[in-house]
Amino acid sequence: MTFTLAFRNLFHDRIRLAVTMVGILFSIVLVAVQLGLYLGARNIIVSMIDRSDGDLWIMAYGTKNFEEAQPINVREKFAALSTPGVAKAVPIIVSFTDWRKPTGGTTLVVAIGTDAEEGGLKPWNVVEGDVSGLGARDAVIVDKSYLSDLGLKGVGDTAQIGASRVRVAGMTDGIRSFTVTPYIFTTLTRSRSLLDMPAENVTYVLVKLAPGADVQAVRRQLREKVTDNSEVLTKAEFHDRSLNHWLFATGAGVALIGGAILGLVVGTVIVAQTLYSSTKDHINEFATLRALGSSSGYIHRVILAQAALSAVLGYALGMIIAMTVVYMSEQTPLPIIMTPGLAALLLGLTVAMCAISALSAIGKVMRIDPAVVFNR
Amino acid sequence: MSADGSSIAIAPSAAPGIAPAGNVVLEAHNIVKELGQGARKTRALKGVSLSLNPGELTLLMGPSGSGKTTLLSILGCILTPTEGTLCIASRPTAGLSPEELARLRRRHIGFIFQSYNLFPTLTAEENVRIALDVRGERGSDAIVRAQRALQQVGLRHKLKSYPANLSGGEQQRVAVARALVGAPSVMLADEPTAALDSENGVAVMQLLSEIAKDASRAVLAVTHDPRTIPFANRVLRIEDGLIVGEERRAEGVETVHQLARNRKRKANA
C-alpha cells in the first residue's frame, strides 16, 4: 500500500503536482539540452579526426585543434614514409580563407585540401554529386547545411576563393564545424593554389601504419625524424587535445556542463520544496502511520515512492519536450544529440534528484512526534 | 451509584488502577512523566500504576490537564516514561528503541483517535487494510480481513467510500475497524465520542463494549463524557497526574448496552 498511498498523496493536490512536474521538466529539459549540446559539440569538434583513416598525425608543434594549425614542411611526409611500419603518409592542407559569395559579400571558410584517392581524409555523407567529382577543374564539395551562409543554391553554383573561381561539385550532409565556419573540401593541389600556399608546405601529414605495426614504436621513431617544429600525435591524442581545447580551454564545455549542473540543482530544489511541503501537509497521516506501528522504513518507502513516481512522470514528460527540442535542432549549426546512453543517464539523474529531494521530507518525518495524533 | 450519578452500579476498588490478579495484558507501575525542560519542566504524571485485564472496557476519566492523554500516549508506547515500568503482553518496554516500540505497537496495540485520523485519500477498506500493511500482511487475505472488520462495525456497504463521504460516526467506526483488524491485545481510545453526536457516541461505545468482551483483549478509553460510563466495566479517575479512584461494575450488573439489548429482546418476544 506504500505505492497506493504515495500515488494518492501525489495526485491529491493537483496544483502541487503541477509545480513538481514543472520543476522536474525544467530540470530534465535543461540538462538534456546542455548535455546534448555537449555531445553534439564533441562530435563536431572531432569529426574530422575521427573520420580520418590514419593512426598518427604529424603537425606543427603546439597545434591545438584541427582548424587552427600552422604549416609544416612537406618533407615530413617523406620522413614518415621512410619509417618502418608506415604504410601510407597523406598530406592535408587546412586553412581559414575568405569565400566570396556569388550573391555578394564574403564569409570565412575552412578549406580542406587532400587527395581523396589517397584515402586519409575525404568527405563523407555525400548526398549530391560524388567525391570523384573533385577531380574536375575548380571543384569543391560543401555541406548543405551551410548553403545559405555560402550564398549557394546547390550543386553547379560557383563562388570565389581568393582570386580563383570554384564550382560546387557535390554536397555532404551533416559535416558541421564547431566554429560555425563552413568546411570546403577540395584537392591538395587546388587548395594550395586557392590558399596561395608555398609548394613545400602542408598542414598535416596523416600517417597510416602497416598492419601489425606498433603505434607507439612507430611514433617514437617518427619523433626522431621530424623537425623540431613538428610533433607526432596518435589519433586518440589529437582527438583529446582538440576536445580539451574547445571544450575546456575556451570554457565552452564548462559552460554547458555548468548549465546542466545548474538545471539539476534548480530541479532538486523545486522538487525538494514541493515534496517537503507535501509531507508537511500529510504529517498527521505519517504520525498516524507511526502510531499504528509502522517502521521508519515503511514511511521512507512511501516518501521515496512518491519521489520515484514524480521522477518517472516528470522524466516521461521532460523527455517528450527534450526530444522535440532535439528534433528542432537537427538542422542547426550545433545540433543537440540524444543517445540511449544520455537518455538512461537522464533517467538516473532524475531518480537521483528526486531521491535527494526526498531526504528533506524524510528528515521532516523522522522528527515527527507520534503524540501529535492525540492533539488534533 | 457512581460519582457522576449514573444509574449503573459501580463498586469502588481498594487499590485504584490495579486490576485483580488475572491474565493482565498491560501493566504500568509507578509511571512518572516530565514534560518540558528547565524552568518549564512539569510533572504530567506523578507515579501512576494501573493494569488492564482482557475482557474489560476501562474508562480513564479526569479533568483537562489531569494527564489522561499523556498516560494514554505512554501506555501506547508513543511516549516513554521518565520513570516507572510498563509491560505489554508480559514484555517490558524499558530500553526498547523507537523501532522496537513501533513493532510492539503494531503487534499488540490498536488506537482509536478523537479525530479518527483516517487517510483522506484512501477508501474505508484501504484505511483498515493499512493497519495490516504496516505489519507486512498483504494480499487477498488482508483484503478479506479488512472487509470482515468493516462488517463487524456495520460498514460492509461502505468499503469503497472515502472518509469525506462518511459521517463522523461512520468515520469513527472505520477507525475502530482499523484498530480491530490487527487483533491487538490492547485497544486504546482517545476521546472516542468527543467529536460525535449523542446517537453516534452511543453506537461507538456499544461497539467498544462489544469488542471488550473478547477474552483476549482489554479496551481503555480516555474520556470526559459521563454518557460513556454505563458502558464501562471499570472507571479510573485521574487528577493532577495521579489515579485517585477506581470504580468497578458490581458482579451481575448489566451494562446499558446489555440492558437495552435485553429490553429489545423482551419487546420482540
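About the cut-offs
- Residues numbered from 1 in each chain as written.
- Chains lettered and ligands numbered in written order.
- Predicted model: local features only at pLDDT ≥ 70, side-chain atom pairs only at ≥ 80, totals over all residues.
- Heavy atoms only, no water.
- Helix = DSSP H or I, 4+ residues; strand = E, 2+ residues; numbered from the N terminus.
- Rg over C-alpha atoms; globule rule 2.2 N^0.38 Å.
- Buried < 20%, exposed > 50% of the residue type's maximum accessible area, 1.4 Å probe, protein only.
- Contact = heavy atoms within 4.5 Å.
- Areas by Shrake-Rupley, 256 points an atom, 1.4 Å probe, with all protein chains shown as cover.
- Lys, Arg positive; Asp, Glu negative; His and termini not counted.
- Charge placed at Lys NZ, Arg CZ, Asp CG, Glu CD.
- Phe/Tyr/Trp six-rings, centres within 6.5 Å; stacked < 30°, edge-to-face > 60°.
- 1 Å grid on protein atoms, 1.4 Å probe; cavity = no way out; pocket = protein on both sides within 12 Å on 5 of 7 lines; lining within 4 Å.
- Points joined across faces, edges and corners; volume = space filled by probe spheres on them.
- Nonpolar A, V, L, I, M, F, W, Y, C, P; charged D, E, K, R; others polar.
- Domains from an automatic or database assignment.
- Core = buried A, V, L, I, M, F, W, Y, C linked by side-chain atoms within 4.5 Å.
- Salt bridge = Lys/Arg side-chain N within 4 Å of Asp/Glu carboxyl O.
- Buried area = accessible area lost by both parts, 1.4 Å probe.
- Axes fitted to C-alpha atoms, helices over the stretch in contact; angles between N-to-C directions.
- Parallel < 35°, antiparallel > 145°, perpendicular 65-115°, else oblique.
- Left-handed = near helix turned anticlockwise from the far one by under 90°.
- Polar contact = N/O pair within 3.5 Å; in protein donor to acceptor, adjacent residues only side chain to side chain.

S.K.: Honestly, the overall build of chain A in this entry has me stumped. Any pointers?
M.R.: Across its full length, chain A holds 11 helices and 12 strands. Relative to the compact-globule value of 21 Å for 376 residues, chain A shows a C-alpha radius of gyration of 29 Å, a clear excess of over 25%. By its C-alpha atoms, chain A is 95 × 50 × 30 Å across when sized along the principal axes. For chain A, the proportion of its 376 residues judged to be buried stands at 53%. In chain A, 80% of the contacts between residues at least 6 apart in sequence involve partners at least 24 apart. Carbon and sulfur atoms form 58% of the exposed surface of chain A, whose accessible area is close to 15,900 Å². Averaging the coordinates of the 33 positive side-chain charges in chain A and doing the same for the 30 negative ones gives two points 7 Å apart.

S.K.: Whenever I open this one, the overall build of chain B confuses me. Can you help?
M.R.: Scanning chain B for helices and strands turns up 7 helices and 11 strands. Counting only residues that meet the buried cut, chain B has 54% of its 269 residues in that class. Looking at chain B alone, contacts between residues at least 24 apart form 74% of all its contacts between residues at least 6 apart. About 11,400 Å² of surface is accessible on chain B, with carbon and sulfur atoms providing 49% of the total.

S.K.: I tried to follow the packing of aromatic side chains on my own but got confused; where do I start?
M.R.: The description of an aromatic ring pair uses the distance of the two centres, along with the angle that the planes make with each other. Throughout the structure, instances matching the rule amount to 10 aromatic pairs over all chains. An aromatic cluster of three or more residues is present, and its members are Trp57(A), Phe66(A), Tyr183(A), Tyr204(A) and Phe238(A).

S.K.: Explain the layout of surface pockets here, please?
M.R.: In this approach a probe as big as a water molecule rolls over the atoms, and the regions it shows empty are the leftover space. Space inside the largest pocket adds up to approximately 400 Å³. Taken together, 18 residues line the largest pocket, and the ones lying closest to its centre are Asn43(A), Gly174(A), Arg176(A), Pro335(A) and Ile337(A). Listed by contribution, the elements that provide at least two residues to the lining of the largest pocket are helix H2 (14–45) and helix H3 (47–51) of chain A. Classifying every residue of the lining of the largest pocket gives 7 nonpolar, 6 polar and 5 charged. Per-domain counts for the lining of the largest pocket show at least three residues from each of domain 1 (2–44 + 251–374) and domain 2 (62–227) of chain A. When its volume is computed, the second largest pocket comes out at roughly 280 Å³. Lining the second largest pocket are 16 residues; nearest its centre among them are Arg290(A), Met366(A), Ile368(A), Pro370(A) and Pro98(B). For the lining of the second largest pocket, the secondary structure elements donating two or more residues are helix H10 (296–329) and helix H11 (340–366) of chain A together with helix H2 (98–108) of chain B.

S.K.: Sorry, what's going on with the environment of Pro370(A) here?
M.R.: Along the chain, Pro370(A) turns up in the segment after H11. By relative accessible area, Pro370(A) is classed as buried at 12%. Sequence-wise, Pro370(A) and Pro211(A) are 159 residues apart; in three dimensions their C-alpha atoms are separated by 75 Å. With residues near it in sequence (within four places) discarded, Pro370(A) still touches Ala287(A), Arg290(A) and Ile78(B).

S.K.: Can you walk me through helix H9 (residues 283–291) of chain A in this structure?
M.R.: Given 3.6 residues to a turn, an α-helix orients residues that are three or four positions apart in the same direction. Residue and element names in this part refer to chain A. Counting buried residues in H9 gives 8 out of 9 residues, a clear majority hidden from the surface. For H9, the complete set of buried residues consists of Ile 283, Glu 285, Phe 286, Ala 287, Thr 288, Leu 289, Arg 290 and Ala 291. In the stretch just after H9, Gly 293 is the one whose phi turns positive, near 100°.

S.K.: I tried to follow the nonpolar core on my own but got confused; where do I start?
M.R.: Within soluble globular proteins, side chains that are nonpolar generally end up buried alongside one another. Counting 96 residues, the largest nonpolar core has Leu289(A), Leu50(B), Leu71(B), Leu75(B) and Ile130(B) as its most contacted members. Residue contributions to this core peak at 14 residues, all from H2(A). Every residue in contact with Ile130(B), bar those within four places of it in the chain, is listed here: Met1(A), Leu5(A), Leu289(A), Leu292(A), Tyr298(A), Phe119(B), Leu122(B) and Arg178(B).

S.K.: What exactly am I supposed to notice about the pattern of salt bridges here?
M.R.: Once their charged atoms are close, side chains differing in charge can pair, the charge on each being opposite to the other. Per the stated rule, a full pass over the model turns up 27 salt bridges over all chains. Between Lys208(A) and Asp53(A) there is a salt bridge, with the nearest N and O atoms lying 2.9 Å from each other. With Lys208(A) in strand S11 (residues 204–209) and Asp53(A) in the loop between H3 and strand S1 (56–60), this residue pair connects regions lying 155 residues apart in the sequence. Among the residues examined, Lys208(A) registers a relative accessible area of 27% and is labelled partly exposed. With its nearest N and O atoms 2.7 Å apart, the salt bridge here joins Glu231(A) to Arg241(A). Pair noted here: Glu231(A) is in strand S12 (residues 230–234) and Arg241(A) is in helix H7 (residues 235–249), with a separation of 10 residues, a long-range link. Taking relative accessible area as the criterion, Glu231(A) reaches 11% and is therefore assigned buried. A relative accessible area of 24% means that Arg241(A) is categorised as partly exposed. One network of salt bridges, with partners in common, ties together Glu34(B), Lys41(B), Arg43(B) and Glu83(B).

S.K.: Help me out: how do you make sense of the domain arrangement of chain A in this one?
M.R.: Interface size is commonly expressed as the accessible surface area that is lost when the partners come together. Residues and elements named next belong to chain A. Per the domain assignment, the segments of chain A are domain 1 (2–44 + 251–374) and domain 2 (62–227). For domain 1 and domain 2, the distance between their C-alpha centroids amounts to 47 Å. Of the residues lining the interface, 8 residues belong to domain 1; the matching set on domain 2 comes to 4 residues. Together, Ile 44, Gln 331 and Pro 333 form the three largest contributors to the area buried by domain 1 at its contact with domain 2, with a combined 65%. For the pair domain 1 and domain 2, the interface holds 0 salt bridges. Its residues placed into classes, the side of domain 1 that touches domain 2 shows 5 nonpolar, 2 polar and 1 charged.

S.K.: How do you make sense of the packing of H2(A) against H7(A) when you look at a structure like this?
M.R.: Packed helices, taken two at a time, are described by their axes: the angle between them and the distance between them. Residues and elements named next belong to chain A. Relative to each other, H2 and H7 sit at 135°, their axes nearing to 10 Å. Taken together, the axis directions place H2 and H7 in an arrangement best described as oblique. Classified by chirality, the crossing of H7 by H2 is right-handed. Touching Tyr 38, Ala 41, Arg 42 and Ile 45 of H2 are His 239, Ser 242, Leu 243, Trp 246, Leu 247 and Phe 248, all from H7. A breakdown of the residues in the contact of H2 with H7 according to their chemical character gives 7 nonpolar, 2 polar and 1 charged.

S.K.: Please explain the interface of chain B and chain A as it appears in this structure.
M.R.: If you look at the interface, chain B gives 28 residues, while chain A gives 25 residues. The largest per-residue losses of area from chain B upon contact with chain A belong to Phe119(B), Thr121(B) and Val134(B), which jointly make up 22% of the total buried on that side. Counting across the interface, chain B meets chain A through 2 salt bridges. Put simply, Arg8(A) and Glu126(B) hold a salt bridge, and the shortest N to O gap is 2.7 Å. One can count 10 residue pairs in polar contact (both at pLDDT 80 or more) joining chain B with chain A. When residues of the side of chain B that touches chain A are traced back to their parent elements, those giving at least two are helix H1 (68–75), H2 and helix H3 (124–133) of chain B. Its residues placed into classes, the side of chain B that touches chain A shows 13 nonpolar, 6 polar and 9 charged.

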